[in-house]
Amino acid sequence: MAEPRLVDYYSILNLPPKADLAGIEAAYARLSDDLMRQAQYDDSAREAMQRLNEAYAVLSKPELRREYDRAFFRAELERLEREARAAQRRRNLAGNILVAALGLVVAVQAAALLYLGWDSATALFRAIADWLI
């Protein structure tokens, strides 16, 4: 069963989600004045006023707003969490590839030592060390 879609109270008040309480109150006052004037001539303004009152009732109370934000922005939070998990998987994969590449280098060096023999490899390492010094 699909989860019912929440009403976007921020768009009803024409506010960004980061609006503070003073912004919410100012938007409510401005919009309610406009709707009260329109209600004299338009019946749909009464319905809009009910939605406005509902939006203000939720967003003006910090606890209700937190619950609303938690539910309304759940999809966005889940998307961000998925992206963070994907980034962590990519970092883990890169680390694993690096460890595997270093292991391969060590294995190749060990194979070269076995093939050349310890004395030849030691002479080669000494020649390289003398050249570097």
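Residues numbered from 1 in each chain as written. Predicted model: local features only at pLDDT ≥ 70, side-chain atom pairs only at ≥ 80, totals over all residues. Heavy atoms only, no water.

The name recorded for the protein in an unreviewed UniProt entry is J domain-containing protein, from Tepidiforma bonchosmolovskayae.

## Remarks on the overall build of the protein
Check the secondary structure of the protein and you find six helices and zero strands. Its helices and strands taken in sequence order, the protein reads α-α-α-α-α-α from the N to the C terminus. On C-alpha atoms alone, the protein measures out to a radius of gyration of 33 Å, which is more than a quarter above the 14 Å that the 2.2 N^0.38 rule sets for 133 residues. If one aligns the C-alpha atoms of the protein with their principal axes, the spans along those axes are about 100 × 40 × 25 Å. Of the contacts formed within the protein by residues at least 6 apart in sequence, a portion of 55% connects residues at least 24 apart. (Helix = DSSP H or I, 4+ residues; strand = E, 2+ residues; numbered from the N terminus. Rg over C-alpha atoms; globule rule 2.2 N^0.38 Å. Contact = heavy atoms within 4.5 Å.)

## Focus on the side chain of Ser60
Mapped onto the fold, Ser60 is located in the loop between helix H3 (44-59) and helix H4 (62-72). A polar contact of 2.6 Å, which involves the side chain of Ser60, links it to the backbone oxygen of Tyr56. (Polar contact = N/O pair within 3.5 Å; in protein donor to acceptor, adjacent residues only side chain to side chain.)

## Side note on a nonpolar patch on the surface
On the surface, a cluster of nonpolar side chains totalling about 1100 Å² of accessible area is made up of Tyr115, Leu116, Leu124, Phe125, Ile128, Trp131, Leu132 and Ile133. Counting residues per element, the ones that place at least two in the nonpolar patch are helix H5 (74-116) and helix H6 (118-132). Tracing the backbone through its elements, the reader meets Leu132 in helix H6. (Patch = residues over 30% accessible without salt bridge, like charges linked within 9 Å, V, L, I, M, F, W, Y side chains within 5 Å. Areas by Shrake-Rupley, 256 points an atom, 1.4 Å probe, with all protein chains shown as cover. Salt bridge = Lys/Arg side-chain N within 4 Å of Asp/Glu carboxyl O.)

## Digging into the UniProt feature "transmembrane region" (unreviewed entry) in the protein
When the UniProt feature table is mapped onto this chain, "transmembrane region" (unreviewed entry) is found at residues 93-116. With 100% helix and 0% strand, residues 93-116 has its two end C-alpha atoms placed 34 Å apart. (UniProt positions renumbered as here; feature names shortened; annotations may be inferred.)

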